[in-house]
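# Residue-level structure breakdown
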Amino acid sequence: MKIVTIIGARPQIIKAAALSRTIRNKFATQIKEIIVHTGQHYDANMSQVFIDELGIPQPDYNLNIGSGSHGVQTAGMITGIEEILLKEKPDYLVLYGDTNSTLAGAIAASKIHVPIVHIEAGLRSFNKSMPEEINRIMADHASTLLFSPTLTGFNNLIKEGFNRDNQRPYSADHPGIFHCGDVMYDNSLYFETIARDKSDVLQRLVLEGKAFYLATVHRDNNTDQPKRLNAIFESFQEITQSTQIPLVLPLHPRTSKLLKKNLEPALYQQINQNKLIRLIPPVSFLDMIMLEKNCQLLFTDSGGVQKEAYFFGKPAIILRSETEWKEIVEVGCGRIVNTDRDKIMSACKHFQQVGKTLEFPIIFGDGKAAEFIAKTMMG
Ligand code: UD1
Ligand code: UDP
């Protein structure tokens, strides 16, 4: 069997590592994987570092699409992916998540009848102003095999008309849907001990044995709307001042480009002068694991970081108005605070009090999602 895998944005490179590793370790004689990098993310610390660190083979193709408007970026990817699919004639195109690279792959493959495998299917925010929501709905409805990491995702698919009882042979008109756990959980389990041995991020940041918060902010409606971005950073300023606990914030390039433009000048200056707010470039995956494992709690608008907080037993304060990972909130290990200063402050206080007593029941599978996916693809 031949598959073409599309990667492009940082989280997709990370997610792809799990299936790629499983194929190489267990199914190398049965599955040949061709990797296509769209080039959506291209800075070394947003792309190559993950390929190297997670042991993913160098991509067979790089479309070098780079940044641009949704239309320009997606159109360029569709053209490039179509050309590769026509040449490689794979049995499946494998897509991850909900980025523009995912959407481009779905459009390119479905029009020339290459069956699509969508990993991380069924997740919904029910907020169609998010570009990701459009991307995931379109990808799911063009797919032949849909793998959902959570029961919520699986049930969303059923509500949209997918049939849980479909049998082989599967097709885009007769797709197979599966609840199989999360490939990101596979990765977190696999890389946890490697991170402990190899990452020196805590030493580099002089945080060994110290309390600290971790934060990530990159969602377009947070970075591009000055009111929201100011509210988030005002809260960070206040929390660090009142608790005297440092906050580590590896900055996504989108955010670092917009910080000066969209923050009030006085706040921008305060943040830069606040020694407790540690703005650093994006970190590698192994460094991120060590930060997640050792922080007190996380503030984030990232999908992946919400989940990893959970994998490593840390509460997540979710800087969004909703989440696709609603189980985390339902079991009390995450709180949706949007960019409401009062909610951010009270969630921080709450988790600081109860953080150590929280329980993290199994939600994301058994760490073998990638193996299930490989076996299901082979039939
Ligand atoms: C994209 C995904 C989002 C995902 C995120 C993961 C879409 C619509 N959005 O958002 O779902 O959560 O990736 O990180 O696909 N930039 C650089 N260097 C890079 C990459 C980006 O400087 O290597 C800057 C550029 O100014 C670019 C901006 O970041 O315009 C945004 O990049 P883009 O890939 O368009 O969207 P993300 O916000 O990264
Ligand atoms: N990540 C990382 N370094 C960072 C920030 C995030 O390795 O500086 C990892 C994080 O551990 C997770 C993934 O990137 O595996 C999440 O990607 P991101 O937040 O960019 O996108 P999202 O998950 O929201 O789509």
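Structural data are supplied above this passage.
Every value quoted in this text rests on a predicted model; they were computed, and no experiment measured them.

## Overview of the overall build of the protein chain
Of the regular secondary structure elements, the protein chain holds 17 helices and 13 strands. In terms of overall dimensions, the protein chain is globule-like: its C-alpha atoms have a radius of gyration of 20 Å, near the 21 Å expected for 379 residues. Its C-alpha atoms give the protein chain principal-axis dimensions of roughly 60 × 40 × 40 Å. Summing over all exposed atoms, the protein chain offers an accessible surface of approximately 15,800 Å²; the carbon and sulfur share of this is 51%. For the protein chain, the separation between the mean place of its 41 positive charges and that of its 41 negative charges on side chains is 2 Å.

## Observations concerning unusual backbone geometry
Looking along the chain, the bond that leaves Arg168 and enters Pro169 is cis, with omega of -5 degrees. By the element assignment, Pro169 lies in the loop between helix H6 (151–159) and strand S7 (176–179). If you check the backbone angles, Lys89 has positive phi at about 45 degrees while not being a glycine. Mapped onto the fold, Lys89 is located in the loop between helix H3 (70–88) and strand S4 (92–96). Residues other than glycine seldom take positive phi values, yet His113 does so here, at roughly 65 degrees. Assignment of secondary structure puts His113 in the loop between helix H4 (100–111) and strand S5 (116–119). Of the residues examined, His113 reaches a relative accessible area of 69% and is grouped as exposed.

## Some thoughts on the sheet that holds strand S2 (residues 32–37)
Read from one edge of the open sheet, seven strands run S3-S2-S1-S4-S5-S6-S7, paired in parallel fashion. The sheet terminates laterally at strand S3 (61–62) and S7, the two strands that pair on one side only. With three bridges joining them, strand S1 (residues 2–7) and S4 adopt parallel strand pairing. In the sheet register, Thr5 faces S4, and the bridge partner there is Val94. Across the sheet, helix H17 (residues 369–378) is in contact with S1, S4, S5, strand S6 (145–148) and S7; its angle to S6 comes to roughly 165 degrees.

## So, the site of ligand 1
His41, Asn100, Glu132, Arg254 and Lys257 are the nearest of the 20 residues found near ligand 1. The side chain of Gln40 places a nitrogen or oxygen atom 2.9 Å from an oxygen atom of ligand 1. Between ligand 1 and Asn100, the relevant distance is 2.8 Å, taken from an oxygen atom to a main-chain nitrogen or oxygen of the residue. Isolated, ligand 1 exposes 740 Å² of accessible area, and the fraction of that covered by the protein chains is 88%. Secondary-structure elements contributing two or more residues to the shell around ligand 1 are H3 and helix H11 (253–262). Looking at the shell around ligand 1, the element that brings in the most residues is H11, giving three residues. Across the shell around ligand 1, the residue classes tally to five nonpolar, nine polar and six charged.

## A look at the packing of aromatic side chains
Taken as a whole and judged by the stated rule, the model has 14 aromatic pairs. When the centroid spacing of 5.0 Å and the interplanar angle of 50 degrees are considered together, the rings of Tyr185 and Phe311 count as tilted. Taken together, the positions of Tyr185 in helix H7 (residues 183–198) and Phe311 in helix H14 (residues 303–311) put the pair 126 residues apart, joining distant regions of the chain. We note that Tyr185, like Phe311, is buried. Arranged with centres 5.8 Å apart and planes meeting at 85 degrees, the rings of Tyr213 and Phe299 form a pair that is edge-to-face.

## Details of the packing of helix H10 (residues 226–243) against H11
Across the interface, H10 lies against H11 with an axial gap of 10 Å and an inter-helix angle of 95 degrees. The pairing of H10 with H11 is recorded here as roughly perpendicular in orientation. Contacts between H10 and H11 involve Pro226, Leu229, Asn230 and Phe233 on the former and, on the latter, Leu258, Leu259 and Asn262.

## Observations concerning the nonpolar core
Grouped together as the largest cluster of nonpolar side chains are 56 residues, with contacts concentrated most on Leu19, Ile119, Leu291 and Met377. Tallying contributions element by element places helix H1 (residues 10–26) first for this core, with seven residues. Sequence-distant contacts of Leu19, that is, excluding residues within four places in its chain, are made with Val94, Tyr96, Ile119, Ala370, Ile373, Ala374 and Met377. Within the second largest apolar cluster, 38 residues are counted, among which are Val217, Leu267, Ile271 and Cys333.

## Quick word on empty space enclosed by the protein
Under the criterion given, the structure shown has one cavity of 30 Å³ or more. Here the residues of the lining of the largest cavity sort into six nonpolar, two polar and two charged.

## Brief notes about the sheet that holds strand S12 (residues 316–318)
The strand order across the open sheet formed by six strands is S10-S9-S8-S11-S12-S13, and the pairing between neighbours is parallel. Whereas interior strands pair on both sides, the edge strands pair on one side only; in this sheet they are strand S10 (277–280) and strand S13 (334–336). The sheet shows a mean angle of 20 degrees between the axes of neighbouring strands, taken without regard to direction. Where strand S11 (residues 298–300) meets S12, three bridges bridge the pair, whose relative direction is parallel. What sits directly across from Leu298, in S12, is Ala316.

## Examining the site of ligand 2
Looking at ligand 2, there are 19 residues lining it, with Arg219, Val283, Ser302, Gly304 and Glu308 nearest. Here an oxygen atom of ligand 2 and a backbone polar atom of Gly304 are 2.8 Å apart. Computed on the free molecule, ligand 2 has an accessible area of 530 Å², of which 95% lies beneath the protein chains in the complex. Only H1, helix H13 (285–294) and H14 provide two or more residues apiece to the shell around ligand 2. Considering every element that reaches the shell around ligand 2, the biggest residue donor is H14, with four residues. Of the residues in the shell around ligand 2, the class split is 10 nonpolar, five polar and four charged.

The rules behind each value
Numbering of residues begins from 1 in every chain and follows the order in which that chain's sequence is written. For this description, chains carry letters from A and ligands carry numbers from 1, given in the order in which they are written. Confidence filtering applies because this is a predicted model: local features only for residues at pLDDT of at least 70, side-chain atom pairs given and counted only at 80 or more, and all residues used for totals across whole chains, interfaces and linings. Side-chain metrics rest on all non-hydrogen atoms present in the structure, leaving aside hydrogens and water. What counts as a helix is a DSSP run of H or I of at least four residues, what counts as a strand is a run of E of at least two, and both are numbered from the N terminus. We compute the radius of gyration from the C-alpha atoms alone; for a globule the expected value is 2.2 Å times N to the 0.38, where N is the number of residues. Only the protein chains shown count as cover for residues, with accessible areas throughout obtained via the Shrake-Rupley method and a probe of 1.4 Å. When charges are counted, neither His nor the chain ends are considered; positive counts come from Lys and Arg and negative counts from Asp and Glu. Working definition for charges: the position is that of NZ of Lys, CZ of Arg, CG of Asp or CD of Glu. Think of it in three bands: residues with accessible area under 20% of the maximum for their type are buried, residues over 50% are exposed, and the middle band is partly exposed, with areas taken using a 1.4 Å probe on protein chains only. Paired strands, as defined in this entry, are two strands with at least two bridges between them according to DSSP. Here, residues are in contact when the closest pair of their heavy atoms is within 4.5 Å. In this description, a line fitted to the C-alpha atoms serves as the axis of each element, helices being fitted only across the stretch in contact, and the angle between N-to-C directions of two axes falls anywhere from 0 to 180 degrees. What makes a residue near a molecule or strand is one non-hydrogen atom of that residue sitting within 4 Å of it. Here a polar contact is taken to be a pair of N or O atoms separated by no more than 3.5 Å, where protein atoms must pair a possible hydrogen donor with a possible acceptor and residues adjacent in sequence count only if both atoms sit in side chains. In this classification, the charged set is Asp, Glu, Lys and Arg, the nonpolar set is Ala, Val, Leu, Ile, Met, Phe, Trp, Tyr, Cys and Pro, and all remaining amino acids, among them Gly, are polar. Between the rings of Phe, Tyr and Trp (Trp by its six-membered ring), a pair exists once the centres lie within 6.5 Å; its type follows the angle of the planes, with under 30 degrees stacked, over 60 edge-to-face, and the other angles tilted. Each angle is binned into one of four classes, with values under 35 degrees roughly parallel, values over 145 roughly antiparallel, values of 65 to 115 roughly perpendicular, and all other values oblique. Among buried residues, the Ala, Val, Leu, Ile, Met, Phe, Trp, Tyr and Cys ones that are joined through side-chain atoms within 4.5 Å form a nonpolar core. For each structure, a 1 Å grid was placed over the protein atoms alone; sets of points admitting a 1.4 Å probe that cannot get out are labelled cavities, open sets with protein on both sides within 12 Å along at least five of seven lines are labelled pockets, and lining residues have an atom within 4 Å of a point. Grid points are joined across faces, edges and corners, and a volume is the space filled by probe spheres set on the points.

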